[in-house]
Amino acid sequence: MKDQLDYLFSDNDDDIERIADKYKAAGEKEKEKIYEKSKRKYNIMKDEDTRINDDGFIKEAEGVERYNRPSWIRFICGAAAAFVLLGGALGGVLLSRSQKVQHMDHGSDVEELSTDAIVQNNNVDKNEAVDTLISNYEQIMRTQYPVGADNEDHIWFKVDVYDETSDSTVNKTREYYAVTDNELDTHIELTSKLSETFCDELYNDYLGKDFSNFEVGYDFEDDSRIEKYLAKFIVYNDKIYALSLIEPTASYDKGFEELYNFSEYKLISSKFTEGGKLLSGDTQYFSEKGEPEAYKGLVTCKRVYERADGGKVTAEIQIIPKDESWRIAAFDVNADLVEKTVPEPTTQPAEETHNEEEFAELQLHERRICASYEEAKELVNELEKAWQNGTYTFKKIDREKYIKQIMSSENTEELNSVENKSYVYHMLNNGFRYYDTADASYEETSEENGSYYESTERSIADNRGKYMYNEFVMNSESGTDHITWYINDTQWITVDHKTKFYTEDNEYVQTYETEYVPDNDRIIECYAPGGEIILAGAFTNCILTGCSNECLHPDADGMFDFDTWFIEGTEEFLGRECVAIHQNNSRYNNQMLVDMRTGIIMRSVCTSNETGDTQTMKVTSIEIDKPIEYKTFDPTGYEPKPTEITAG
């Protein structure tokens, strides 16, 4: 394999291209950083000049040996700073190699290099080398998580990739967020950190290309090269962006804090073995000339860490010697998550004595308000894990008991007991769990900003089969809009009959059957420093998010505050026993008729308290738990909607 300097001074076109791709010229931000460092260095030397005698020794230096600094060293430093500020491709190459110098003789008159610039010697204790490499790895991985990214500075591109599950090529969106670590947010700093951490093959997997000439959202369709170029780090408008492993607004079981935050963990054990195969199963990689080269000197270090929560993190790092140092050849990490105690509902679910094998006890509603935002967020995080892990299992309550109780209420106070309102709230949030199929048609009208709209809609749902069909036709002054949604397990097709375009998503995931939290844990609020109450988190079972549906699967989040609504009475509508609700909050005034057995909204009139705009909805026909016919989309006469290129 070529020595690094062989590439630098090569006149071969392939070598020159490799240099240009791997090392970018210093940008303005990099120049400013280097200039500031040079300026500080110059000021230090200038200050020393004021304390030097004619004989060349420092005037005041008590308790240490005298130190003779040759005067020519200042001119070299000044020339180096001036050279750096000129930039240029070669400047970028030389600067990126500033930490790959040979060890200096400590007895020399030249100033000793800082510890950051001295590479690890091959004979140094391997544990110390692993400490350094794991620290680097943690720093690099942090940038791919929300803790190390600018969540407001977001770009993305699309690329065709091979999917092993389906054995086909699929189009994926790769999300990138700006790096916030000021030691990794320039090209020179990033390449330096990557090159001192990884062997060549891993280095190339991490460092991508400059995509400044492409629009955000661009689709690199059928571009075989782009899979390599859109690596874990890319350059865009002279900034470094990292491939996101977790979206900043999302939450997963295993994140940075539970996998890669080694500096906060306690090291339990560290064991070394020599030789063997790579963790990936490979035994060799290829040189620049395409010649196979073995991973000579491969050493595996298996470490076990303990997190503050008691969970164990096992990290296997494989290293190989290079340039009188060690580099990472492969890395693997696993975490054993500890089951945390999730706050139980205020009223513990218990079995009804009259039918304990079938029904659970209704949870009486209590509004949860935490003392601080920190306390609330901790609760939200715990509940989110319980929600996604299936910690809570839904169990039906005795509907007939509460319907009879509501129907027999003798006055408004009895009608609006906490128990009756808790039942209505429960059904609005969980109604789809109480029926299997439904076929409903309804009409809607809207008066908004002086304009009038009217629409008809039909919704068909198989809640257990995860199938939904929704057809929406709206007439307005600007014409007629006709949209149909076909949702079947993981497939979501949206059809615009007006434009004859359709879009298809085969990665839609329906998780409403397993994701559940008790009713009192759906909305988490807290007191802000000023005393006002703010929202800290919410959990919903609204199935058709992003799809018009005001009937079968309502979003009842706003009903958690019982002070904003009351039960007016009961009414039979289309053969269904319903409860009449009147809700009035700071935003709107809403009157609803809710089916007491399914939570389906049969009729509603909603008026904006700010603008006076009104929306109405009324079911015209409905069938519950009857056989339904699955409707499928026939693409004849329709075309896939063209991909939109969104500017950043």
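Residues numbered from 1 in each chain as written. Predicted model: local features only at pLDDT ≥ 70, side-chain atom pairs only at ≥ 80, totals over all residues. Heavy atoms only, no water.

Draft legend 1. Region of the structure containing the environment of V418. Residue position: V418 is located in helix α14 (residues 418-430). Sequence-wise, V418 and H365 are 53 residues apart; in three dimensions their C-alpha atoms are separated by 7.0 Å. Beyond its immediate sequence surroundings of up to four residues, V418 is in contact with L364, H365 and F562. (Helix = DSSP H or I, 4+ residues; strand = E, 2+ residues; numbered from the N terminus. Contact = heavy atoms within 4.5 Å.)

Draft legend 2. Representation of the sheet that holds strand β21 (residues 533-538) within the structure. The sheet built from three strands is open, its strands ordered β13-β20-β21 with mixed pairing. For this open sheet the edge positions go to β13 (369-370) and β21, each flanked by a neighbour on one side alone. Of the pairings in the sheet, the one linking strand β20 (residues 523-527) to β21 comprises five bridges and is antiparallel in character. Counted as the bridge partner of I524 is G537 from β21. Together, β13, β20 and β21 form the strand contacts of helix α11 (residues 373-389), whose direction differs from that of β20 by roughly 165°. (Pairing = 2+ DSSP bridges. Axes fitted to C-alpha atoms, helices over the stretch in contact; angles between N-to-C directions.)

Draft legend 3. How the structure looks around unusual backbone geometry. One non-glycine residue with positive phi stands out, namely N237, at about 50°. Topologically, N237 is positioned in the loop between β5 (233-236) and β6 (239-243).

Draft legend 4. Spotlight on the packing of aromatic side chains. In this structure the tally under the stated criterion is 30 aromatic pairs. Between Y137 and F198 the ring centres are 6.2 Å apart and the planes differ by 80°, which places this aromatic pair in the edge-to-face class. With a gap of 61 residues between them, Y137 in helix α6 (residues 126-142) and F198 in the loop between α7 (187-195) and α8 (200-206) connect regions that are remote in the sequence. Both residues of the pair, Y137 and F198, belong to the buried class. Summarising the aromatic geometry, the rings of Y218 and F220 are spaced 4.8 Å apart at their centres and angled 70° between planes, so their arrangement reads as edge-to-face. Across from the ring centre of F394, 5.0 Å away, lies the NZ or CZ of R433, which sits over that ring. (Phe/Tyr/Trp six-rings, centres within 6.5 Å; stacked < 30°, edge-to-face > 60°. Buried < 20%, exposed > 50% of the residue type's maximum accessible area, 1.4 Å probe, protein only. Lys NZ or Arg CZ within 6 Å of the ring centre and 35° of its normal.)

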